[in-house]
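Inside the fold
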Amino acid sequence: METFDINVSAAVSDETVAALQSEGTAALQTVLEGTGAGNDFLGWVKLPSETINSDLVEEIMSVANVLRAECEAVVCIGIGGSYLGAKAVIEALKGTFTPTKPEILFAGQNIGEDYLADLQDYLADKRFGIIVISKSGTTTEPAIAFRLLKAQLEAQVGKEEAGKLIVAVTDAKKGALRKLATDEGYATFVIDDNVGGRFSVLSPVGLLPIAVAGFNIRALLQGAADMEQICAKPGNPAQLYAQTRNALYRDGKKTEILVNYNPKLHFFGEWWKQLYGESEGKDHKGIFPAAVDNSTDLHSMGQWIQDGERTIFETVIYVESPAREKVIPFDEENLDGLNFIAGKRVDEVNKMAELGTRLAHIDGGVPNIVISVSELSEYTLGQLIYFFEIGCGISGYMLGVNPFNQPGVEAYKKNMFALLAKPGYEEETAAIQARLK
């Protein structure tokens, strides 16, 4: 197994974390045995080990290879967990300025008119495919994007050919997208009823786009499966993480900031924010999940983190070895005064910025948790994904909420549909119009 380690640096005392050991172990068993609230959404727990050697992986790779051979670009349409996991993995693995082949683009994660118009312009002279991800097929943001892009694809290549370039990831039996996929003969994959969107990256939801991008989904699943095995035992790293963050929360640390020093992890932070925010933010409880990209954000958020309200703690993802090597050159004039680091690797300077920042923040009263991985690879990302997923389940139960539902997400939708006068919302439309007068 690649290196994976968790270290609590001046966060809380060992005694405080140990005092939550029995509570953490009970929460772990609640997840593993499926005895808690939301237990009908625990299909992700054994997903890595059950999927890695299955026919499903071969089927995903077969469909991915068709899209890779046929398309210059593939648009992945989805919102929330239907796109963030794939986006996180792809961005972490691809060259920063080099598109994958085919290029993976994303739509349906917003209702930006300019975004969609620009995307359609970009695709106008390209042979593209679509992966549309939705259990129902009626979620507003992805449904709008799919309606536009499906029409464009059919206009560019014809309806029959378009049907070969569209893949639907949806419900097994019901819903608008399932009906359309059956009627049109699209290749399909199933979103299991017991796997919620934010826990779905290790299912076809995430695996298909990642495979189309050209990355090794078996290695991703292997990293997750190995972490699954580790986390099946009491006292595992994810349990330690859950106990530590709950101890900090109870001590008044209400915001957790996920910190990276490798910009390739930006969208990993976005995936993590949904995972924890949607899982824990209930019943007026929950640690607020934020994320920063350092050292970039030290020049924007650094002052607040160093000297602001002491209600925060940081979880740092430490990557031991970058994929590339760059050495800082010597300069005769030395006008920038940097010859003292000439000959050093850029990563060595980055690591000292990281260590210096952690020490300064700890001295400033910001507890730190450090999670170390050896490198950014499919395997280590699989480790991290499963670690945070099961840590989330444990932590949610320790917090006293159902980590696997999201009742608050519907509030904005009801208002939006009322404002748009959607059929069936007549009473709500009248009420909201009266409120706005």
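See above for the structure.
First, a word on what this report is: a plain description of the structure on this page. (Residues numbered from 1 in each chain as written. Predicted model: local features only at pLDDT ≥ 70, side-chain atom pairs only at ≥ 80, totals over all residues. Heavy atoms only, no water.)

A look at a nonpolar patch on the surface
A cluster of nonpolar residues, I111, I144 and L148, forms a patch on the protein surface that exposes about 230 Å² of accessible area. Relative to the helices and strands, I111 resides in the loop between β3 (103-107) and α6 (113-123). Judged by its relative accessible area of 45%, I111 is partly exposed. (Patch = residues over 30% accessible without salt bridge, like charges linked within 9 Å, V, L, I, M, F, W, Y side chains within 5 Å. Areas by Shrake-Rupley, 256 points an atom, 1.4 Å probe, with all protein chains shown as cover. Salt bridge = Lys/Arg side-chain N within 4 Å of Asp/Glu carboxyl O. Helix = DSSP H or I, 4+ residues; strand = E, 2+ residues; numbered from the N terminus. Buried < 20%, exposed > 50% of the residue type's maximum accessible area, 1.4 Å probe, protein only.)

Quick look at helix α11 (residues 217-230)
Here α11 spans 20 Å end to end across 14 residues, near enough to the 20 Å set by a 1.5 Å rise per residue. When α11 is considered as a whole, its buried residues turn out to be I217, L220, L221, G223, A224, A225, D226, M227 and E228. Put simply, N216 is the residue that caps the front of α11, since its side-chain oxygen is 3.0 Å from the backbone nitrogen of R218. (Expected span 1.5 Å × (residues − 1). Polar contact = N/O pair within 3.5 Å; in protein donor to acceptor, adjacent residues only side chain to side chain.)

Description of the pairing of strand β7 (residues 255-260)
Burial runs high along β7: six of the six residues are buried. Across the two faces of β7 the burial is the same, with T255, I257 and V259 and E256, L258 and N260 all buried. This β-α-β element, β7 to helix α13 (residues 266-280) to strand β8 (residues 288-293), shows right-handed connectivity. Pairing geometry for β7 and strand β9 (residues 312-319), over six bridges, is parallel. Following the sheet pairing, I257 is matched in β9 by E314. (Right-handed = clockwise from strand over helix to strand, strands pointing away. Pairing = 2+ DSSP bridges.)

Brief notes about the nonpolar core
One recurring pattern in soluble globular proteins is that nonpolar side chains are buried together. L208, F268, W271 and F388 are the most contacted members of the largest nonpolar core, which totals 111 residues. It is helix α16 (residues 378-399) that provides the largest number of residues to this core, a total of twelve residues. If we skip the residues at most four places from it in the chain, W271 touches L84, G85, A88, R198, V201, I385, F388 and E389. Counting nine residues, the second largest nonpolar core, distinct from the first, contains I257, V259, V292 and V370. (Core = buried A, V, L, I, M, F, W, Y, C linked by side-chain atoms within 4.5 Å. Contact = heavy atoms within 4.5 Å.)

Here's the deal with the packing of aromatic side chains
Scanning all chains against the criterion turns up 16 aromatic pairs. Seen from their ring centres, Y276 and F388 are 6.3 Å apart, and the 90° between their planes marks the pair as edge-to-face. On the criterion of sequence distance, the pair formed by Y276 in helix α13 and F388 in helix α16 is long-range, its members being 112 residues apart. Taken as a pair, Y276 and F388 share a single burial class, namely buried. With centroids separated by 5.5 Å and ring planes inclined at 65°, the aromatic side chains of F417 and Y425 adopt a geometry described as edge-to-face. Through a chain of ring-to-ring contacts, the aromatic side chains of F4, Y241, F268, W271, W272, Y276, F387 and F388 assemble into a single cluster. Over the aromatic face of Y122 sits the side chain of K126, whose NZ or CZ is 3.9 Å from the ring centroid. Here K254 stacks its cationic end above the ring of Y249, 4.2 Å away from the centre of that ring. (Phe/Tyr/Trp six-rings, centres within 6.5 Å; stacked < 30°, edge-to-face > 60°. Lys NZ or Arg CZ within 6 Å of the ring centre and 35° of its normal.)

Concerning empty space enclosed by the protein
Counting across every chain of the model gives two cavities of 30 Å³ or more. In this structure, the largest cavity encloses a volume near 50 Å³. Contributing to the lining of the largest cavity are L258, V259, N260, L265, H266, F268, G269, A291, V292, D293 and I317. Per-class residue counts for the lining of the largest cavity are seven nonpolar, three polar and one charged. By volume, the second largest cavity is sized at about 30 Å³. Taken together, F41, G196, R198, F199, F404 and Q406 form the lining of the second largest cavity. Looking at the lining of the second largest cavity, its residues break down into three nonpolar, two polar and one charged. (1 Å grid on protein atoms, 1.4 Å probe; cavity = no way out; pocket = protein on both sides within 12 Å on 5 of 7 lines; lining within 4 Å. Points joined across faces, edges and corners; volume = space filled by probe spheres on them. Nonpolar A, V, L, I, M, F, W, Y, C, P; charged D, E, K, R; others polar.)

Regarding the pattern of salt bridges
Overall, the coordinates contain 19 salt bridges when judged by the stated rule. Between E161 and R127 there is a salt bridge, and its shortest N-O distance comes to 2.5 Å. Taken together, the residues E161 in helix α8 (residues 159-164) and R127 in the loop between α6 and β4 (128-133) connect sequence positions 34 residues apart. Relative accessible area serves as the criterion here: at 24%, E161 is assigned to the partly exposed category. A salt bridge links E278 to R198, with the nearest nitrogen and oxygen atoms 2.9 Å apart. Of this pair, E278 sits in helix α13 while R198 sits in the loop between β6 (187-190) and α10 (204-212), and the two are 80 residues apart along the sequence.

Details of the pairing of β6
Inspection of the sheet shows strand β5 (residues 166-170) paired to β6 by four bridges, in the parallel sense. In the sheet register, V169 faces β6, and the bridge partner there is F189. Each parallel crossover has a hand, and the one from β5 via helix α9 (residues 176-184) to β6 is right-handed.

So, the sheet that holds β6
Whether parallel or antiparallel, the strands of a sheet pair through hydrogen bonds between backbone atoms. Strand order in the open sheet formed by five strands is β3-β2-β4-β5-β6, with parallel pairing between adjacent strands. The open sheet terminates on both sides in strands that have one partner only, identified here as β3 and β6. In this sheet, neighbouring strand axes are inclined to one another by 20° on average, regardless of whether the strands run parallel or antiparallel. As paired strands, β4 and β5 are joined by four bridges and run parallel to one another. Within β5, the residue paired with I133 across the bridge is V169. Running over the sheet, α9 touches β4, β5 and β6 and is turned about 145° from β5. (Axes fitted to C-alpha atoms, helices over the stretch in contact; angles between N-to-C directions.)

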